[in-house]
Amino acid sequence: MITIAVDAMGGDNAPRPEVEGSVLAARELTKHAAPNLPIEIVAASDVITMNDHPAQAFRRKKDSSVHVAARLVREAKADGMVSAGNTGAVMTVAKFLLGTLESVDRVALAAPFPNAKGGVSVLLDVGANVDSKPEHLVQFAVMGEVYYRATFGNRRPRVGLLSVGEEEIKGNELTREVYTRLKKSPVHFVGNVEGGDLFSGNVDVIVSDGFVGNIALKIAAEVHQQLAGFAGGWDAFEGGL
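None of the values given here were measured: they were computed from a predicted structure.

Undergrad: Summarise the packing of aromatic side chains; cite the residues concerned and give the values.
TA: With the rule as written, the count across this model stands at five aromatic pairs. Taking 4.7 Å as the distance between ring centres and 45° as the angle between the ring planes, the aromatic pair formed by Tyr-148 and Phe-152 counts as tilted. One end of the pair is Tyr-148 and the other is Phe-152, both in helix 5 (residues 134-152) and four residues apart, which spans about a single turn. What makes Tyr-148 buried here is its relative accessible area of 5%. Note on Tyr-179 and Phe-189: the rings are 5.1 Å apart at their centroids and 80° apart in plane angle, and the pair reads as edge-to-face. Of this pair, Tyr-179 sits in helix 6 (residues 173-183) while Phe-189 sits in strand 6 (residues 189-193), and the two are ten residues apart along the sequence. Taking relative accessible area as the criterion, Tyr-179 reaches 11% and is therefore assigned buried. Residue Phe-189 is classed as buried on the basis of its relative accessible area of 15%. Connected via pairs of aromatic rings, a cluster forms that spans Tyr-147, Tyr-148 and Phe-152. Stacked on the ring of Phe-58, the Lys or Arg Lys-62 has its end atom at 5.2 Å from the ring centre.

As structure tokens, then:
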């Protein structure tokens, strides 16, 4: 049985949504595994808020709910952890308490997008690093490819670099340098891609620095929310064109 440590104090309306979600997940699992899956409460004396500085919170709030969840994983009492809290703090705690592979300098956040071809495209980084160097984006590409292969079963996912144009010369200093490095890397690099390729299905893994990636993620989420709330839905909108 897989054990997941859930940060019950991470979200904006914590702890109710986190607790209710954990109960619903456990009930769903009972349909496919042994009944009466245990849910254990582990105490934490502190909470990292959205306004806390990640590095300071890591040092000063050592018994926060995020710290406790990470320690459960480190001590092999849990197989993984989930948090909807302060992104920077969660990443900092995870990096220093759980560590990274030797070849990984910066961790990245990956977000899957359903695409027009019925598959999934993955964008990373979507917010863990707002200032990235070329070597970091190359590492994101490798991590994204490995993640895609392991999660979606594609042995050779297509990797694209998010830029302002498809041509090799397009982009800023960072993307042009990353383009050159990715051409020499072992990943299946298909070149620059643009924002629309988040949903086109023409590429499987899209690489970006966390600043741009986070903006792209939040724009996509807002558009989805607006369309979902539109009276009559998207079909009615299309029918009126």
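There's more to say after this.
Undergrad: Mind laying out the sheet that holds strand 5 (residues 159-162), listing which residues take part and the relevant values?
TA: Think of a sheet as strands paired side by side through backbone hydrogen bonds, with each pair either parallel or antiparallel. An order of 3-4-7-5-6 is seen for the five strands of this open sheet, with the pairing classed as mixed. Unpaired on one side and paired on the other, strand 3 (110-114) and strand 6 mark the two borders of the sheet. Neighbour to neighbour, the strand axes of the sheet diverge by 25° on average, direction disregarded. Relative to strand 6, strand 5 runs parallel, the two being bridged by four bridges. The residue bridging Leu-161 from the neighbouring strand is Asn-192, located in strand 6.

Undergrad: Any details on the packing of helix 5 against helix 6? Residues and values, ideally.
TA: Look at helix 5 against helix 6: their axes get within 9 Å of each other, and the N-to-C directions meet at 50°. Accordingly, the angle class assigned to the pair helix 5 and helix 6 is oblique. When you trace helix 5 past helix 6, the crossing you get is right-handed. Of the residues in helix 6, those in contact with Pro-134, Glu-135, Leu-137, Val-138 and Ala-141 of helix 5 are Leu-174, Glu-177, Val-178, Arg-181 and Leu-182. For the contact of helix 5 with helix 6, a count of residues per class yields seven nonpolar, no polar and three charged.

Conventions we followed
- Residues numbered from 1 in each chain as written.
- Predicted model: local features only at pLDDT ≥ 70, side-chain atom pairs only at ≥ 80, totals over all residues.
- Heavy atoms only, no water.
- Phe/Tyr/Trp six-rings, centres within 6.5 Å; stacked < 30°, edge-to-face > 60°.
- Helix = DSSP H or I, 4+ residues; strand = E, 2+ residues; numbered from the N terminus.
- Buried < 20%, exposed > 50% of the residue type's maximum accessible area, 1.4 Å probe, protein only.
- Lys NZ or Arg CZ within 6 Å of the ring centre and 35° of its normal.
- Pairing = 2+ DSSP bridges.
- Axes fitted to C-alpha atoms, helices over the stretch in contact; angles between N-to-C directions.
- Parallel < 35°, antiparallel > 145°, perpendicular 65-115°, else oblique.
- Left-handed = near helix turned anticlockwise from the far one by under 90°.
- Contact = heavy atoms within 4.5 Å.
- Nonpolar A, V, L, I, M, F, W, Y, C, P; charged D, E, K, R; others polar.

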